[in-house]
Amino acid sequence: MTAFSPHINTKTDFAAPGQTCPRVHAFLNLVVFEAAEDTHINTTQTASGSTLSPPLLRTGATMEDWYPALYASLVAIVVSWFFKWWSDPLRSVPTVGGSDLPFFSYLSSFKFSENSRQLLEDGYRRYYGSVFKVPLQDRWMVVVSGPKLVDDLRRRPDEELSFRVAAAETIQTKHTVGPGPTEDPYHVDIIREKLTRALPAVLPDVIDELQLAVQEYIPAQDDEWLSVDAMRVIQKVVARASSRVFVGEPACRIQEYLDLSVTFTIDVIKDRTILNLFPNVLKPVIAKVFANRALTNIRRARKHLKPMIDERVANVKKYGSSWTEKPNDMLQWIIETAETRDNSYEAIIQRVMLVNFAAIHTSSNSFTHVLYHLAQHPQYLAPLREEIEGVIKEEGWTKLSMGKMWKLDSFFRESQRINGISLVSLTRIAMKAVTLDDGTFIPRGTLVSAASYPTHHDDSLYADPELFDPFRFARLREEEGGATRHQFVNTSVDYMPFGHGRHACPGRFFAANELKAMLAYIVLNYDLKLPDGTEPPANRYNQLNVTPAPKGKVMFRKRQVPK
């Protein structure tokens, strides 16, 4: 196509009133001629050899000749947008956070990103027991509230409202990790069944590793306060303790691998945030050019995991069922399960890294929240120490002992209630058109979630909901029938940080024991507080995500025993 200079000559490029500017005319001829070529609209020649062109290509054409076509195109676009909006079944669902009109809804999504918590609370108050919708950058999300509709989400089969597809869409797994774990998510069954059953056997190893990690990453002295970057240090401790049961020794202590695991977790969040700004048609291109950090880290992990996979596969072939030293960890379980599936290095490594992401992201966030609360309220160290010391003296560091620490358990449950992992829960995608119990019609492809954060701050469900009451649930467990209902890992329509129902977080039992053991060790061995003269670190809320202050500081020193 011939280059067209944008520079204007004021003497030659402006036309008299009613005439087309020569430069504009030439440009329009050029554009239309190219369009004619692209659509096979050919010019023809007369017997004398002169060319017959479409009217808008003739040098005598004026701007007025273009007006009908331009107006018709503009009207067609507006009518198309309006018709699409008017016929959308979601138009009948109330909107919170701005207008649902075409184009304006996209602007509303940026408002929601910055004010998501307040807008969700507003929608919860105005439409409690029913539904409302909020604008995300790439789609609408329908939000339900009240026990009836939350339970409706829980009961719906995957053929109607799919958790797996929704999780893949939310994390953009296809682009951030690869399509395999979404198409065949057998690692979820491994977590739910093998990891949970193996907890009594693997927890002592996890406790041993986290104690070594805490000592290394929090080298506090007896009489000096040490300032610690809470989030960064907790990510390292969680990565190392989790890796002890995910890949075993010595990989769980290889710093390059641990750094890679933490970086991968952060990069998945960054990549998915970028991808969710764009429509699905553009995501493959965006993923390759601008959102490929997580995939790069998976390729780097091959350096560490491939030799381990090769060694284990060789030992299975050599010793068979007589391999007495076979590791009892996540990597081995994935290798064994992959024998009848895709057992390529890529498939195995993808799942190991995805399990790392789930463990490090949620557990480090949850523990950092708890650490900030305890540093803000050091008066709770004494009752926690009293409970922990009594249980450890009787039971030692075991899964059974973790279950007997009710105050410690309550501390985590209350922190999850007041902070949360996300502002919503039970996220699903409609696989076909469904009608909720309140009569709301949900078209195929719609994202649906429950308003968890507003539920956890509802004063009709929780007394003084804005108050952090660390032993709230320990007291409730003492009531008749409350011992199981109010423990950290239990879910309900009123408490759903882990989700609720059959798709509740399968790794929550492992995570709860790991986190409680970690806090128990810190409480017994350290004093902690916020830096003098500082305010408690504030959470960050972006779209649906809740993140503890990433640069918050906590002061540590070795526990001072009164003389």
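Just above sits the structure.
Only a predicted model underlies this, so the values are computations on that prediction, with no experimental measurement involved.

A. Summary view of the overall build of the chain. A count of helices and strands for the chain gives 22 helices and 14 strands. Each of the 563 residues in the chain was classed as buried or not, and the buried ones make up 49%. Counted over contacts in the chain with a minimum sequence separation of 6, partners at least 24 positions apart contribute 73%. Carbon and sulfur atoms provide 56% of the accessible area of the chain, an area that totals close to 27400 Å².

B. Summary view of the environment of phenylalanine 112. Position of phenylalanine 112 relative to the elements: it lies in helix α3 (residues 104-126). Counting along the chain gives 25 residues from phenylalanine 112 to glutamine 137, while the straight-line C-alpha distance between them is 9.3 Å. The contact partners of phenylalanine 112, leaving out residues within four places of it in the chain, are Leu119, Leu120, Val134, Pro135, Leu136, Gln543 and Leu544.

C. Quick peek at the packing of aromatic side chains. In total, this model carries 13 aromatic pairs according to the counting rule given. Note on tyrosine 462 and phenylalanine 473: the rings are 6.3 Å apart at their centroids and 75° apart in plane angle, and the pair reads as edge-to-face. Here phenylalanine 473 lies in helix α20 (residues 472-477) and tyrosine 462 lies in the loop between α19 (452-456) and α20, a separation of 11 residues in the sequence. Residue class for tyrosine 462 comes out buried when judged on its relative accessible area of 9%. Each residue in the set Phe367, Phe412, Phe488 and Phe498 is aromatic and connected to the rest through ring pairs, giving one cluster. Above the plane of the ring of tryptophan 140 lies lysine 133, whose end atom (NZ or CZ) is 5.1 Å from the centre. Across the ring face of tryptophan 406, the terminal group of arginine 477 is positioned such that the distance to the ring centre comes to 4.2 Å.

D. Layout of the nonpolar core. Core analysis: the largest hydrophobic core is formed by 101 residues, its most contacted members being Val247, Met330, Phe367, Leu374, Ile388, Leu528 and Phe556. Top contributing element to this core by residue count: helix α15 (residues 345-376), with 15 residues. Not counting the four nearest positions on each side in its chain, leucine 374 is found in contact with Tyr380, Leu381, Leu384, Phe411, Leu519, Val523 and Leu528.

E. Spotlight on the pairing of strand β14 (residues 553-558). Summarising the sheet, strand β6 (residues 226-229) and β14 pair through 4 bridges and their orientation is antiparallel. When the sheet's bridge partners are listed, serine 227 is paired in β14 with methionine 555. For strand β11 (residues 526-529) and β14, the ladder comprises 4 bridges, and the chain directions are antiparallel. The residue bridging tyrosine 526 from the neighbouring strand is lysine 558, located in β14.

F. A look at the packing of helix α13 (residues 293-319) against helix α14 (residues 330-338). At a minimum axis distance of 11 Å, the contact between α13 and α14 shows a crossing angle of 60°. Two packed elements cross with a definite hand, and for α13 against α14 that hand is right-handed. Between α13 and α14, the contacting residues are Met308, Ile309, Arg312, Val313 and Val316 on the first element and Leu331, Gln332 and Ile335 on the second. Across the contact of α13 with α14, the residue classes break down as 6 nonpolar, 1 polar and 1 charged.

G. Main features of the side chain of serine 116. Following the sequence through the fold, serine 116 ends up in helix α3. Residue classification places serine 116 among the buried residues on the basis of a relative accessible area of 1%. Contact partners of serine 116, with chain neighbours within four places excluded, come to Leu423, Tyr541, Asn542 and Gln543.

Reading the values: the criteria
- Residues numbered from 1 in each chain as written.
- Predicted model: local features only at pLDDT ≥ 70, side-chain atom pairs only at ≥ 80, totals over all residues.
- Heavy atoms only, no water.
- Helix = DSSP H or I, 4+ residues; strand = E, 2+ residues; numbered from the N terminus.
- Buried < 20%, exposed > 50% of the residue type's maximum accessible area, 1.4 Å probe, protein only.
- Contact = heavy atoms within 4.5 Å.
- Areas by Shrake-Rupley, 256 points an atom, 1.4 Å probe, with all protein chains shown as cover.
- Phe/Tyr/Trp six-rings, centres within 6.5 Å; stacked < 30°, edge-to-face > 60°.
- Lys NZ or Arg CZ within 6 Å of the ring centre and 35° of its normal.
- Core = buried A, V, L, I, M, F, W, Y, C linked by side-chain atoms within 4.5 Å.
- Pairing = 2+ DSSP bridges.
- Axes fitted to C-alpha atoms, helices over the stretch in contact; angles between N-to-C directions.
- Left-handed = near helix turned anticlockwise from the far one by under 90°.
- Nonpolar A, V, L, I, M, F, W, Y, C, P; charged D, E, K, R; others polar.

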